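Here is what each chain is made of, one letter per residue.
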2 protein chains.
Amino acid sequence: MSEFRAKKSVALSGVVAGNTSLCSVGRSGNDLHYRGYDIKDLAEECEFEEVAYLLIHGKLPTFAELQSYKNKLGSMRGIPDEVKVVLEALPKDANPMDVLRTAISALGCIQQEPLAHRPEDAQEIADRLLASSASMLMYWYHFSLFGTRISVETDEESIGGHFLHLLHGERPPASWVKAMHVALILYAEHEFNASTFTCRVIAGTGSDFYSAITGGIGALRGPKHGGANEVALEIQERYANSEVAAVDIYDRITRKEVIIGFGHPVYTVSDPRNDIIKGVALNLSVESESVQLFDIADRIAEVMWDAKKMFPNLDWFSAVALNVMKIPTTFFTPIFVMARLSGWSAHIIEQRIDNKIIRPSANYEGPENLTFVSILDREATS
Amino acid sequence: MSEFRAKKSVALSGVVAGNTSLCSVGRSGNDLHYRGYDIKDLAEECEFEEVAYLLIHGKLPTFAELQSYKNKLGSMRGIPDEVKVVLEALPKDANPMDVLRTAISALGCIQQEPLAHRPEDAQEIADRLLASSASMLMYWYHFSLFGTRISVETDEESIGGHFLHLLHGERPPASWVKAMHVALILYAEHEFNASTFTCRVIAGTGSDFYSAITGGIGALRGPKHGGANEVALEIQERYANSEVAAVDIYDRITRKEVIIGFGHPVYTVSDPRNDIIKGVALNLSVESESVQLFDIADRIAEVMWDAKKMFPNLDWFSAVALNVMKIPTTFFTPIFVMARLSGWSAHIIEQRIDNKIIRPSANYEGPENLTFVSILDREATS
């Protein structure tokens, strides 16, 4: 076990729960590698589908392999009629994460994973979920809000482009598609975070692929995990300008309030993903001639460093970037799902090969050996 | 941390992942207590609803409290129309665990948990799920197989009775209702088992109650966990009589085959629940004048002890008991859900009070610092 500083707010912090060949994180304080490749190279040079292929299928694809993979994903965007019926039954005020959890759970009833649990079947399901999760979400969105049964097919080349096209009903600008590639790559994988660990605990019992994924979605939904990017935007949008923001944040720090979007359980120096997503957020903001939110976010980051020596994590400027692309805030965490599906899938396959059930112990701190009293002799106490 | 013998097939074995006041298990090698009460007293003296109240609401109820609780549960058996639509969309060959996972996930879209996450709201949802999970499962069962939209209301006093009544369409014998009480009590809670741990990991991110429960169902579905009682019956039903069974099991042991239903990651001496469920299985078998399956199961248990010094766990004779009550094998694990909902719920509430995210580390064993090669320069390798 490497050295670690256990945090009060984190259980099992620094405790090794298994082996992985997928990701190393935080070993120098601010590094992240997927299967040995530096996240900076991947984010700068790759499309998201290349990285998904790396994680799920084990290596970076050649040009021909990538074309073939993108064609395959493009052919898997449809959703079964039964899942559409399920999506139509869900109300418009539902949490989109709950919608995605339910739709994928229903898909698991309709397109069951074969019992043998072969890696190639799992990869096929992973690809199908990557290709169709935006379709499911956007089908529900348009139906529940406007009563429209949209076609979930587009000719977009990428998962991010497909999502933006279905959301806005038109071809997205190239710069937005590129921004989605970067955001999805940065969100794709992060070792034994809580949602990935959930997937592995479920996979460890021998359960099916969809059960593991629905568990992962449930865990990612929490505001201490994937939900943080939504909370980040809420904070940024509170302020009219960056100076008002600075004053208020100093004030909140004095009152010991936790500011979501800063610090990280694994990184000690900085989040290596921050510089990359910050650049994306700035470019998109300048291009759209709307830099105010970026300025507010940037000023708050200065304050957090000045007062607390805390650095922004991936969620902080992701919120700015996604907001510029007119993505409703409640879809920020579902976008995280679309990305992390690749990492989750690779971890499920790896956990199955590892073939262990994950079963820790608890420290019992309740009453000992109480005398049982029959119901008629029990006294009313509260 | 107490002494433990880590097992190769179990990750985090003996590693403390948190505190609990709900359950202590295996400290003497074969003990189990719920909130300090011996499982033997609870199983002999209580109705399941008493134990659910103990776990979810914190103490054993008085007679008046139990009556009131049972009345409340009885009033919560209905399911919303939207959930019925979802259930009707799921095919008859779906896995009932997937159906339950999907229905509860859909319910979480329709009856969302309030954002504040107050224990009293969580208790209310827990009670509703306890009361209605049999309704959801049986509604789907009758609709998918026979096209019938059944009423999910019965005048049965207990959750077990309600399930049997909906399944068979008639009032169940008193001995069966009693047997369900015992089975549900024995399955209700078991410390940081994989499904409960899943619920806690999900709850630890600040996610909602339904997300945690759907994750728990997904984990319980695995054959190394809740699915074991279904596999146990498959084994028992392979044989025409107990002597054929004995010969074959000795043979399989020689071939190092793992026989599901024996041994346990936590108990070292015996499973304290086995004697109790074995008695129930025998009584039901004698009453129904059909002891052959019991005899086969009992003979296999003798062989396992003789050849491997392995003891039957709860799943082994549960399979016999549930089979006597003409419960389809694929519902064995869903019955486990109906019981364990009580333990899961109590653990979710406890994890929220603990207020920690559960985030372990991994041992990285993949390639280090690979040189990134641009896509056009990559060579085709497999």
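Description of the structure in this document. The structure displayed is predicted, hence computed values, not measured ones. (Residues numbered from 1 in each chain as written. Chains lettered and ligands numbered in written order. Predicted model: local features only at pLDDT ≥ 70, side-chain atom pairs only at ≥ 80, totals over all residues. Heavy atoms only, no water.)

**A few points about the overall build of chain A**
Which entries qualify depends on this criterion: Counting from the N terminus, the helices are the DSSP runs of H or I reaching at least four residues and the strands are the DSSP runs of E reaching at least two. We take the radius of gyration over the C-alpha atoms and set the globule estimate at 2.2 Å times the residue count to the 0.38 power. Only protein chains enter the accessibility calculation, which uses a 1.4 Å probe; a residue whose area is less than 20% of its type maximum is buried, one above 50% is exposed, and one in between is partly exposed. Residue contacts follow a heavy-atom distance rule, with two residues in contact if any of their heavy atoms lie within 4.5 Å. With residues, only the protein chains shown are counted as cover, and all accessible areas are computed by Shrake-Rupley using a 1.4 Å probe. A positive count includes Lys and Arg, and a negative count includes Asp and Glu. His and the chain ends are not counted in either. Every charge is mapped onto a representative atom, which is NZ of Lys, CZ of Arg, CG of Asp or CD of Glu.
Within chain A, the secondary structure is distributed over 16 helices and seven strands. Computed over the C-alpha atoms, the radius of gyration of chain A is 22 Å, within 12% of the 21 Å expected from 2.2 N^0.38 for a compact globule of 382 residues. Judged by the C-alpha coordinates and their principal axes, chain A covers about 70 × 55 × 45 Å. A burial count over chain A gives 63% of its 382 residues as buried. The contacts of chain A with a sequence gap of at least 6 include a subset with a gap of at least 24, amounting to 74%. Accessible surface, chain A as shown: approximately 14200 Å² in total, 50% of it carbon and sulfur. The average position of the 36 basic charges and that of the 50 acidic charges among the side chains of chain A differ by 4 Å.

**A few points about the packing of helix α8 (residues 174-187) of chain B against helix α15 (residues 314-324) of chain B**
Residues and elements named next belong to chain B. Basically, it comes down to this: Note on geometry: axes are C-alpha line fits, over the in-contact stretch for helices, and angles between N-to-C directions span 0 to 180 degrees. An angle below 35 degrees is read as roughly parallel, one above 145 as roughly antiparallel, one from 65 to 115 as roughly perpendicular, and any other as oblique. Helix crossings get a hand from a simple test, with the near helix turned counterclockwise from the far one by less than a right angle marking a left-handed crossing and a clockwise turn marking a right-handed one. Side-chain classes are defined by residue name, with Ala, Val, Leu, Ile, Met, Phe, Trp, Tyr, Cys and Pro counting as nonpolar, Asp, Glu, Lys and Arg as charged, and the others, Gly among them, as polar.
For the pair α8 and α15, the least separation of the axes is 11 Å and the interaxial angle reads 155°. Here α15 runs roughly antiparallel to α8, going by the angle between their axes. Crossing geometry of α8 relative to α15 is assigned as left-handed. Along its contact with α8, which presents Trp176, Met180, Leu186 and Tyr187, the element α15 presents Leu314, Asp315, Ser318, Leu322 and Val324. Residues that form the contact of α8 with α15 fall into these classes: seven nonpolar, one polar and one charged.

**Here we look at the interface of chain B and chain A**
Spelled out, the test is: By buried area we mean the combined loss of accessible area, with a 1.4 Å probe, across both parts when two parts are placed together. One side-chain nitrogen of Lys or Arg within 4 Å of one carboxyl oxygen of Asp or Glu is enough to make a salt bridge. Any N or O atom pair separated by 3.5 Å or less is treated as a polar contact, with the protein-specific requirement of one donor-capable and one acceptor-capable atom, and with residues adjacent in sequence counted only for side-chain atom pairs.
The interface of chain B with chain A comprises 105 residues on the first partner and 105 residues on the second. In this assembly, chain B packs against chain A so that about 8800 Å² is buried in total across both faces, 58% of it on carbon and sulfur atoms. Run the count over chain B and chain A and you get ten salt bridges. A:Arg27 is the partner of B:Glu368 in a salt bridge, and the nearest nitrogen-oxygen pair spans 2.6 Å. Inspection of the region where chain B meets chain A yields 58 residue pairs in polar contact (both at pLDDT 80 or more).

**Details of the pattern of salt bridges**
Counted according to the given criterion, the structure contains 54 salt bridges over all chains. B:Arg359 is the partner of A:Glu191 in a salt bridge, and the nearest nitrogen-oxygen pair spans 2.7 Å. Placement of A:Glu191 in the loop between α8 (174-187) and α9 (194-204) and of B:Arg359 in the loop between β6 (357-358) and β7 (361-364) is noted, with the two residues assigned to different chains. The buried category is assigned to A:Glu191, whose relative accessible area is 7%. Salt-bridge contacts for B:Asp155 lead to B:Arg171; the nearest nitrogen and oxygen are separated by 2.9 Å. Taken as a pair, B:Asp155 in the loop between α6 (119-146) and α7 (159-168) and B:Arg171 in the loop between α7 and α8 lie far apart in primary sequence, 16 residues in all. With relative accessibility at 55%, the residue B:Asp155 sits in the exposed group. Here the salt bridges do not stand alone but share partners, grouping A:Asp248, A:Asp251, A:Arg252, A:Arg255 and A:Glu257 into one network.

**Some words on unusual backbone geometry**
All names here are of chain A. Positive phi, normally seen in glycine, also occurs at Arg35, with a value near 45°. Take Arg35: it is sitting in the loop between β4 (32-34) and β5 (37-38). Here Arg35 falls in the buried class, since its relative accessible area comes to 18%. In this structure, Glu289 is a non-glycine residue whose phi angle is positive, near 55°. With respect to the helices and strands, Glu289 occurs in the loop between α13 (272-287) and α14 (292-308).

**Observations concerning the sheet that holds strand β5 (residues 37-38) of chain B**
All names here are of chain B. The condition is simple: Two strands qualify as a pair provided DSSP detects at least 2 bridges between them.
Across the sheet, which stays open at both edges, the three strands sit in the order β3-β4-β5 with antiparallel pairing between neighbours. Edge positions in the sheet fall to β3 (23-25) and β5, since each has one partner strand and no second. Pairing analysis gives two bridges linking strand β4 (residues 32-34) to β5, with the strands arranged antiparallel. Within β5, the residue paired with Tyr34 across the bridge is Tyr37.

**Observations regarding the nonpolar core**
Condition: The nonpolar core is taken to be a set of buried Ala, Val, Leu, Ile, Met, Phe, Trp, Tyr and Cys residues, with the residues joined through side-chain atoms within 4.5 Å.
In terms of nonpolar packing, the biggest core is built from 250 residues, with A:Phe163, A:Ile327, B:Phe163 and B:Ile327 touching the most fellow members. The residues touching B:Ile327, leaving out its near neighbours within four places in the chain, are B:Phe163, B:Leu164, B:Leu167, B:Met180, B:Leu322, B:Phe332 and B:Ile335. Judged by nonpolar contacts, the second largest core, of 24 residues, contains A:Phe192, A:Ile357, B:Val10 and B:Phe192.

**Comments concerning the side chain of A:Ser133**
Residues and elements named next belong to chain A. Mapped onto the secondary structure, Ser133 falls in helix α6 (residues 119-146). The class of Ser133 is buried, set by a relative accessible area of 0%. In contact with Ser133, not counting residues within four places along its chain, are Leu100, Met338 and Leu341.

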